[in-house]
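Understanding the architecture of this molecule
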Amino acid sequence: MKFFFITVILYSTVIFSSCKKDNSSTIIPSDYPADVAKIVDTKCSVTGCHNTASKLGAGSLDMSTWTHLFEGGSGGSVVIPYRSDESYVMFFVNTDSTRGISLKPTMPYLRPPLSDDEYNTLKNWIDAGAPNSEGTVAFSDDPNRKKFYVANQGCDEVTVFDSKTLLAMRYIKVGISDNIETPHQIRVSPDGQYWYVIFVASTVMQKFRTSDDTHVGDIDIGVGSWNTMCFSADSKYAFAVDWEDQGKVVYVDLENMKVLKTYSGSDLFSWPHGSAVNSSFTTLYVTSQYGNYINKIDITDPLFPDVQKTVIKPGQQPNTIPNTYDPHEILLSPDESKYFVTCQASNEVRVMDAATDTLIKVIPVGTYPLEMSVSKVHPYLFVTCMQDPCGQPACRGSVYVLDYNTLEVVKVLQSELFQPHGVAVDDENEKVYISNRNIDPNGPPPHHTSECGGKNGFIRIIDMNLLEFLPGYRTEVSVDPYSVTSN
């Protein structure tokens, strides 16, 4: 509980209010634009506050230069280029709640607030990308930058993180309507060139470039509660799954941005959900959310699929009885010799032989196992268990680490989580990103309420070498961070 309390008050009592009143401010050269430098150098980066000498007493946030500003503070990023509405610094210099989120204590701390002109100067600067004096926008210098992405389905936002610094670097608005469309899953294509997002309440699959996170276009996939997607190894095709009773699967041409085939019919699917496709693009797997089976689909010719029901409990016939096994997600092992199925009703991972579809092992895990991600560097499969009790008031959920060779539980990570759902392995940086939904009223209070309402969630990160959470890293993101992926 102590950890969460400290995190919640981090910005208000550490990053921004630790500055001591000191009228002997010293103006130093900076790489901000002149009009911004005039404000920052005289009211933010002053002696006893957010400068290099005093930053340890001010949440480790150094604003003495533009470069230092974009190193963030103890609580992560304070400025998000192009998004003043997602930049913490604006919340604390705002004294008028009618123009957006306003937080206390007002900055500059123990000094007169910014004038309207000064506030608007900062706002307009951030909305223009918060460039330095030479016009450079932070995190725009490397089209091959390693990133991870979080879909916040409560606000139709995607948070983009820089994987090296672990700082939030962009917020990207997604969807095609002013109404909340609920971005349910986000995935990077196998070639790393694009990221895609699908929605519970929209008719499109959206495509963005990973190099600069620009919107490429929308693929009309029709009305549906679109929940999961999977991709061909060459990144040219995808399948998207509509999670409804007697739902459907669409086969999508990603290069020409169109649906090639729709698999549907009451005799085919019942509440289809999780999906995976093998690297040879001959077999598609789709879980049946309620019951005891998965759909194994021969896609040797994707235009004429053959759908078969594979029972995950030996000796049973396929059924749609809820609260028995309820297979949620499915994932192939790196060598594709077996596949793993999370069973959210029976609190287990079932391991199946991919060649024979026979049960290899049942691995008990925590309460309500959902998403999975696998490492190709370490023999680890990571499983989020969203409702696992952990014996602390502001903690719920766990991450199970399984050895996918021995099929044994290696470790259970549980502290400082709340309703973990999304999970993504980053083998290059040997990290695992965990998105915590934090939608329960009993969860830890967020730092602020989002512009779209609701409770913000947060990100925790696992060091794969140590199999421990990064100490002190708990970065808040927008409402209901449901899915996470890495390029």
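Whatever comes next refers back to the structure up there.
The residue count restarts for each chain, going from 1 along the sequence in the order it is written. In keeping with the model being predicted, local features are shown solely for residues with a pLDDT of at least 70 and side-chain atom pairs are shown and tallied solely at 80 or more, while totals for entire chains, interfaces and linings include all residues. In computing side-chain properties, one takes all heavy atoms of the structure into account and sets aside hydrogens as well as water.

Along the polypeptide, N436 turns up in strand β25 (residues 431-436). For every residue, the accessible area obtained with a 1.4 Å probe (protein chains only) is divided by the maximum for its type, and the residue is called buried under 20%, exposed over 50%, and partly exposed between those limits. Exposure remark for N436: the relative accessible area of 0% places this residue in the buried category. In protein, a polar contact means a hydrogen-donor-capable atom and an acceptor-capable atom, both N or O and within 3.5 Å, with residues adjacent in sequence counting only if both atoms are side-chain atoms; elsewhere, any N or O pair within 3.5 Å suffices. Looking at N436, its side chain comes within polar contact range of the main-chain oxygen of I434, at 3.4 Å. Working rule for contacts: check all heavy atoms of both residues, and any pair within 4.5 Å makes them a contact. Each residue touching N436, except ones within four places of it in the same chain, is listed here: L417, F418, Q419, P420, G457, F458, I459, R460 and P481. Secondary structure is summarised from DSSP: a helix means a run of H or I of at least four residues, a strand means a run of E of at least two, and numbering begins at the N terminus for each.

Moving on, we get to the sheet that holds strand β8 (residues 226-231). Pairing is antiparallel across the open sheet formed by 4 strands, whose spatial order is β8-β9-β10-β11. Single-partner strands in this sheet number two, and they are β8 and β11 (258-263). Direction aside, neighbouring strands of the sheet carry axes that sit 25 degrees apart on average. A pair of strands counts as paired when DSSP detects no fewer than two bridges linking them. Here, axes are lines fitted to C-alpha atoms. For helices the fit covers the stretch in contact, and angles between N-to-C directions go from 0 to 180 degrees.

With that settled, the discussion passes to the sheet that holds strand β23 (residues 408-413). Ordered in space as β20-β21-β22-β23, the 4 strands form an open sheet in which the pairing is antiparallel. A single partner strand is all that each edge strand has here, and the edge strands are β20 (369-374) and β23. Neighbour-to-neighbour, the strand axes of this sheet turn through a mean angle of 25 degrees, independent of strand direction. Taken together, the 5 bridges between strand β22 (residues 396-403) and β23 define a ladder with antiparallel strand orientation. Note on β23: the bridge partner recorded for Y400 is V412.

Turning to the packing of helix α3 (residues 34-43) against helix α6 (residues 116-127), a few remarks are in order. For the pair α3 and α6, interaxial distance at closest approach is 10 Å and the crossing angle is 120 degrees. The angle between α3 and α6 falls in the class oblique. Handedness of the α3/α6 crossing: left-handed. Facing α3, whose interface residues are D35, V36, I39 and K43, α6 presents E118, T121, L122 and W125. Considered class by class, the residues forming the contact of α3 with α6 number 4 nonpolar, 1 polar and 3 charged. Should an angle fall under 35 degrees it is taken as roughly parallel, and over 145 as roughly antiparallel, whereas 65 to 115 is taken as roughly perpendicular and any remaining angle as oblique. The hand of a helix crossing depends on one turn: near helix anticlockwise from the far one by less than a right angle means left-handed, and clockwise means right-handed. Residues are grouped as follows: Ala, Val, Leu, Ile, Met, Phe, Trp, Tyr, Cys and Pro are nonpolar; Asp, Glu, Lys and Arg are charged; every other residue, Gly included, is polar.

Another point: the pairing of strand β2 (residues 157-162). The element β2 is largely enclosed, with a buried count of 6 among its 6 residues. Burial of β2 is two-sided: the residues E157, T159 and F161 facing one way and the residues V158, V160 and D162 facing the other way are all buried. Hairpin connection of strand β1 (residues 147-152) to β2: 4 residues between the antiparallel strands, including D156 at a positive phi of 55 degrees. The pairing of β2 with strand β3 (residues 167-173) spans 6 bridges and is classified as antiparallel. Bridge assignment links V160 to a residue of β3, and that residue is R170. Where β2 folds back on β3, the antiparallel hairpin that results is connected by 4 residues, among which L166 adopts a positive phi of roughly 65 degrees.

Taken together, the side chains of L260, L303 and F304 make up a nonpolar region of the molecular surface, amounting to roughly 290 Å² of accessible area. Mapped onto the fold, L260 is located in strand β11. Patch membership requires over 30% relative accessible area and the absence of a salt bridge. Like charges are linked within 9 Å, and nonpolar side chains (Val, Leu, Ile, Met, Phe, Trp, Tyr) within 5 Å. Note on areas: Shrake-Rupley with a 1.4 Å probe; residue coverage comes only from the protein chains shown. Any carboxyl oxygen of Asp or Glu within 4 Å of a side-chain nitrogen of Lys or Arg constitutes a salt bridge here.

Two kinds of site are reported from a 1 Å grid over the protein atoms alone, namely cavities, where a 1.4 Å probe fits but cannot get out, and pockets, open sets with protein on both sides within 12 Å along at least five of seven lines, and residues are called lining when an atom falls within 4 Å of a point. Grid points are joined across faces, edges and corners, and a volume is the space filled by probe spheres set on the points. Going through the model one piece at a time under the given rule, you end up with 6 cavities of 30 Å³ or more. Lining the largest cavity we find 20 residues, and of these E86, Y88, Y171, E476 and V477 sit closest to its centre. Looking at the lining of the largest cavity, the element that brings in the most residues is strand β28 (residues 475-479), giving 4 residues. Split by residue class, the lining of the largest cavity holds 8 nonpolar, 8 polar and 4 charged.

Counting across every chain of the model gives 18 salt bridges. A salt bridge links E416 to R460; its shortest N-O distance comes to 2.7 Å. Highlighted residues: E416 in the loop between β23 and β24 (420-426) and R460 in strand β26 (residues 456-463), separated in sequence by 44 residues. What emerges from the salt-bridge pattern is a single network uniting R83, D85, E157 and K173.

Okay, α6 next. Counted at 1.5 Å a residue, the expected span for α6 with its 12 residues is 16 Å, and the 16 Å between its end C-alpha atoms agrees. Within the span of α6, buried status applies to E118, Y119, L122, W125 and I126. Buried residues of α6 fall within an arc of 135 degrees about the axis and therefore sit on the same side. Exposed residues pointing more than 90 degrees away from the buried face of α6 are listed as D116 and D117. Along its buried surface, α6 packs onto α3, α4 (66-69) and α5 (88-93). Taken from the residues just after α6, G129 is the one with a positive phi, measuring 110 degrees. Expected helix span is given by 1.5 Å per residue-to-residue step, counting one fewer step than there are residues. The arc in question is formed by the directions pointing from the helix axis toward the C-beta atoms.

Turning next to the state of the cysteines. Disulfides are defined as pairs of cysteine sulfur atoms found within 2.5 Å of each other. Scanning the entire structure with this criterion turns up 2 disulfides. One disulfide in the model links C155 with C452; its S-S distance is 1.6 Å. Judged by the sign of its S-S torsion, about -70 degrees, the cystine formed by C155 and C452 is left-handed. Of the two residues, C155 is situated in the loop between β1 and β2 and C452 in the loop between β25 and β26; the sequence distance between them amounts to 297 residues. Between the sulfur atoms of C390 and its disulfide mate C395 the distance is 2.1 Å. The thiol of C230 is unpaired, and the distance to the nearest cysteine sulfur, on C343, comes to 19 Å. Accessibility expressed as a relative area gives 6% for C230, which makes it buried. No disulfide involves C343; its sulfur sits 12 Å from that of C385, the nearest cysteine.

Right, let's talk about the nonpolar core for a bit. Nonpolar side chains in soluble globular proteins tend to end up buried together. In this structure, Y32, W125 and W195 are the most contacted members of the largest nonpolar core, which totals 45 residues. The element best represented in this core is α5, accounting for 6 residues. If near-sequence neighbours (up to four positions away) are discounted, W125 is found in contact with Y32, P33, V36, W66, L69, A130 and P131. The set of buried Ala, Val, Leu, Ile, Met, Phe, Trp, Tyr and Cys residues whose side-chain atoms join them within 4.5 Å is what this entry labels a nonpolar core.

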